[in-house]
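Working through the structure, step by step
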Amino acid sequence: MAADPDSKMVFTIQEYLSGACLPTFRRSTTRCLTTASRLRALTWPEYPELQRPHGARPLKEVERSPNIKFTALAEAYFSSLQPAELNASDYIDKECPLRLASPRYVTYETDDVWFFKNIDNEQMFVTLVQEYVLNTVSESLRAIRRHALDSPEAAALRFQNVSRLCTAHHARWDIFALPGTPERQFPFFIFLVSPEEFGIQDMMDFTEPCWFENASGNKLNKPSDMYQTLWAVISDTCKGHGRFFAVTNYVQWTFAGTMAYTTYAFETTLMKSDGTSTTPLNLGFNTIQMLTFWIQHALKHSQAG
């Protein structure tokens with residue numbers, strides 16, 4: 001990762017975030033990301049470990065919040081921020097955590113591009129998301145909240161892989177969380193599923209309003225499809241921790257809360273190898289900006305539940 005040769009040495013995190021894009025990626029020997037993500041995923045297996053007795057999962061229905069409401073909140077948040085300046089000299093002798101390319105500020109080096117073209121297993125995909133996407137968001141939050149680089153407050157904003165919280169065997173998902181504090185552990189979660197396991201239409205279906213309660217009980221206690229399975233995992237993971245989270249298949253993001261609502265699936269702004277982006281902004285914001293806002297919202301309003 002290198003600073004753009006024409007970039008300013010001092011810039012605001014708001015300027016950087018406004019141009020930040022996720023890199024497109026592919027397997028070295030298979031189809032590209034956009035092709036793979038448009039296929040319907042195969043049916044997920046049943047997970048006996050996720051079955052629960054009656055009443056164990058109280059979530060009865062999920063509503064979809066209007067996107068215009070979500071983006072209005074994001075706009076109000078970013079408008080209220082004072083400029084948070086970053087200086088390249090802050091990272092002398094340290095690897096800059098801002099790993100996502102943003103025109104005029106950060107560009108990809110040759111080894112980055114090679115890595116994006118050879119995401120050949122699940123661990124490499126997880127590494128891509130954690131090291132490039134989540135580390136960038138964590139550093140952005142640190143700058144916005146004006147914490148010192150090596151402070152305990154900054155450490156509390158670095159995502160950890162907490163997939164161990166769900167014991168399903170051969171799970172299709174990974175779970176990340178902010179560590180939080182001893183008093184408020186895991187205030188925010190991100191549930192990640194590969195676009196090959198959860199395609200674009202799958203994500204669209206996941207964000208549809210749904211009802212789990214029927215005459216025979218709550219379907220989440222014995223999930224029978226991928227959507228019920230994912231909601232069961234979310235319900236179990238968030239219980240007793242933060243009530244705000246995001247779900248992503250990399251090419252789409254939805255922002256939600258355990259008060260039983262989710263946004264429509266926003267398309268990710270992806271950067272191609274030629275430096276152009278693949279999708280327009282979503283109502284004025286890219287997904288990295290929206291994720292940063294939603295985490296800030298969670299840190300301000302989250303409570304155990």
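Now for a look at the structure at hand. Source: prediction; values computed, not measured.

Moving on to the overall build of the chain. From N to C terminus, the chain includes nine helices and 17 strands. Split into buried and exposed, the 305 residues of the chain put 54% on the buried side. Considering only intrachain contacts with a sequence separation of at least 6, the fraction spanning at least 24 residues in the chain is 71%. Working note: accessible area of the chain is about 14200 Å², and carbon and sulfur atoms make up 53% of it.

So, about the packing of aromatic side chains. Counted according to the given criterion, the structure contains 31 aromatic pairs. Geometrically, the ring pair formed by Trp44 and Trp173 is tilted, given 5.8 Å between the ring centres and 35° between the ring planes. Placement of Trp44 in the loop between α2 (33-37) and β4 (61-65) and of Trp173 in strand β8 (residues 173-177) is noted, with a sequence separation of 129 residues between them. Grouping residues by exposure puts Trp44 and Trp173 together as buried. Measuring from centroid to centroid gives 5.9 Å for Phe186 and Phe189, while their planes differ by 50°, and the two rings are tilted. With respect to burial, Phe186 and Phe189 carry one shared label: buried. Positioned above the aromatic ring of Tyr132 is the side chain of Arg99, whose terminal nitrogen or guanidinium carbon lies 4.3 Å from the ring centre.

Considering the arrangement of structural elements, one finds Arg27 in the loop between β3 (22-23) and α2. Within the local environment of Arg27, its side chain forms a polar contact with the side chain of Glu196, the two groups lying 2.5 Å apart. Arg27 has contacts with Lys117, Ile119, Asp120, Asn121, Ser194 and Glu196, leaving out every residue within four places of it along the chain.

The backbone phi angle of Arg146 is positive, close to 60°, even though this residue is not glycine. With respect to the helices and strands, Arg146 occurs in the loop between α5 (122-145) and α6 (152-155). Given the relative accessible area of 52%, Arg146 is considered exposed.

Let us look at the pattern of salt bridges. Applying the stated criterion to the full structure yields seven salt bridges. A salt bridge links Arg99 to Asp112; the shortest N-O distance between them is 3.8 Å. In this pair, Arg99 is assigned in the loop between β5 (85-87) and β6 (106-107) and Asp112 in helix α4 (residues 110-116), connecting sequence segments 13 residues apart. For Asp112, a relative accessible area of 2% gives the class buried.

Right, let's get into the pairing of strand β14 (residues 252-257). Sheet faces and side chains relate simply in a regular strand, where the side chains alternate between the two faces. Counting buried residues along β14, six of its six residues qualify, which places the element largely inside the surrounding structure. Here β14 shows two buried faces, one formed by Gln252, Thr254 and Ala256 and the other by Trp253, Phe255 and Gly257.

The next thing to look at is the side chain of Thr254. Structurally, Thr254 is set in strand β14. Among the residues examined, Thr254 registers a relative accessible area of 0% and is labelled buried. Setting aside chain neighbours within four positions, we find Thr254 in contact with Met203, Phe206, Thr207, Phe245, Ala246, Val247, Thr262, Thr263, Tyr264 and Ala265.

Axis separation between α5 and helix α9 (residues 287-301) bottoms out at 10 Å; the angle between their running directions is 55°. On the basis of the axis angle, α5 is oblique to α9. Note on packing geometry: the crossing formed by α5 with α9 is right-handed. For the pair α5 and α9, the contacting residues are Val133, Val137, Leu141, Ile144 and Arg145 in the first and Ile288, Leu291, Thr292, Ile295, Gln296 and Leu299 in the second. The class makeup of the residues in the contact of α5 with α9 is eight nonpolar, two polar and one charged.

Within the largest apolar cluster, 95 residues are counted, with the highest numbers of intra-cluster contacts made by Tyr16, Trp173, Phe188, Trp231 and Tyr250. The element that contributes the greatest number of residues to this core is α5, accounting for twelve residues.

Their axes nearest at 10 Å, the elements helix α3 (residues 67-80) and α9 cross at an angle of 80°. In terms of orientation, α3 lies roughly perpendicular with respect to α9. Residue-level inspection shows Phe70, Thr71, Leu73, Ala74, Tyr77 and Phe78 of α3 in contact with α9, the latter providing Gln289, Met290, Phe293, Trp294 and Gln296.

Conventions and cut-offs
- Counting starts from 1 at the beginning of each chain's written sequence and moves along it residue by residue.
- Residues qualify for local features only when their pLDDT is at least 70, as the model is predicted, and side-chain atom pairs are given and counted only at 80 or more; totals for whole chains, interfaces and linings, by contrast, use all residues.
- The side-chain figures draw on all heavy atoms in the structure; neither hydrogens nor water molecules are used.
- Runs of H or I in DSSP of at least four residues are treated as helices and runs of E of at least two as strands, each being numbered from the N terminus.
- Exposure categories follow from relative accessible area, calculated using a 1.4 Å probe and restricted to protein chains: below 20% of the type maximum is buried, above 50% is exposed, and the middle band is partly exposed.
- The criterion used for residue contact is that any of the two residues' heavy atoms lie within 4.5 Å.
- Surface accessibility in these figures is a Shrake-Rupley result with a 1.4 Å probe; residues are shielded only by whichever protein chains are displayed.
- Classification of ring pairs rests on two measures: the distance between centres of Phe, Tyr or Trp rings, Trp counted by its six-membered ring, which must be within 6.5 Å, and the angle between planes, read as stacked under 30 degrees, edge-to-face over 60 and tilted in between.
- We count a charge as sitting over a ring when the NZ of a lysine or the CZ of an arginine lies within 6 Å of the ring centre and within 35 degrees of the ring normal.
- Polar contact criterion, stated in full: a pair of N or O atoms within 3.5 Å, where within protein one must be able to donate a hydrogen and the other to accept it, and residues adjacent in sequence count only if both atoms are side-chain atoms.
- Only one rule defines a salt bridge in this text: a Lys or Arg side-chain nitrogen within 4 Å of an Asp or Glu carboxyl oxygen.
- Each axis is a line fitted through C-alpha atoms, and for a helix only the stretch in contact is used; angles between axes span 0 to 180 degrees, taken between their N-to-C directions.
- Each angle receives one of four descriptions, namely roughly parallel if under 35 degrees, roughly antiparallel if over 145, roughly perpendicular if within 65 to 115, and oblique otherwise.
- Note on convention: the crossing is left-handed when the near helix lies turned anticlockwise from the far helix by less than a right angle, right-handed when the turn is clockwise.
- Lys, Arg, Asp and Glu make up the charged group, whereas Ala, Val, Leu, Ile, Met, Phe, Trp, Tyr, Cys and Pro make up the nonpolar group; the residues left over, Gly among them, are polar.
- Residues enter a nonpolar core if they are buried and are Ala, Val, Leu, Ile, Met, Phe, Trp, Tyr or Cys, with the set joined through side-chain atoms within 4.5 Å.

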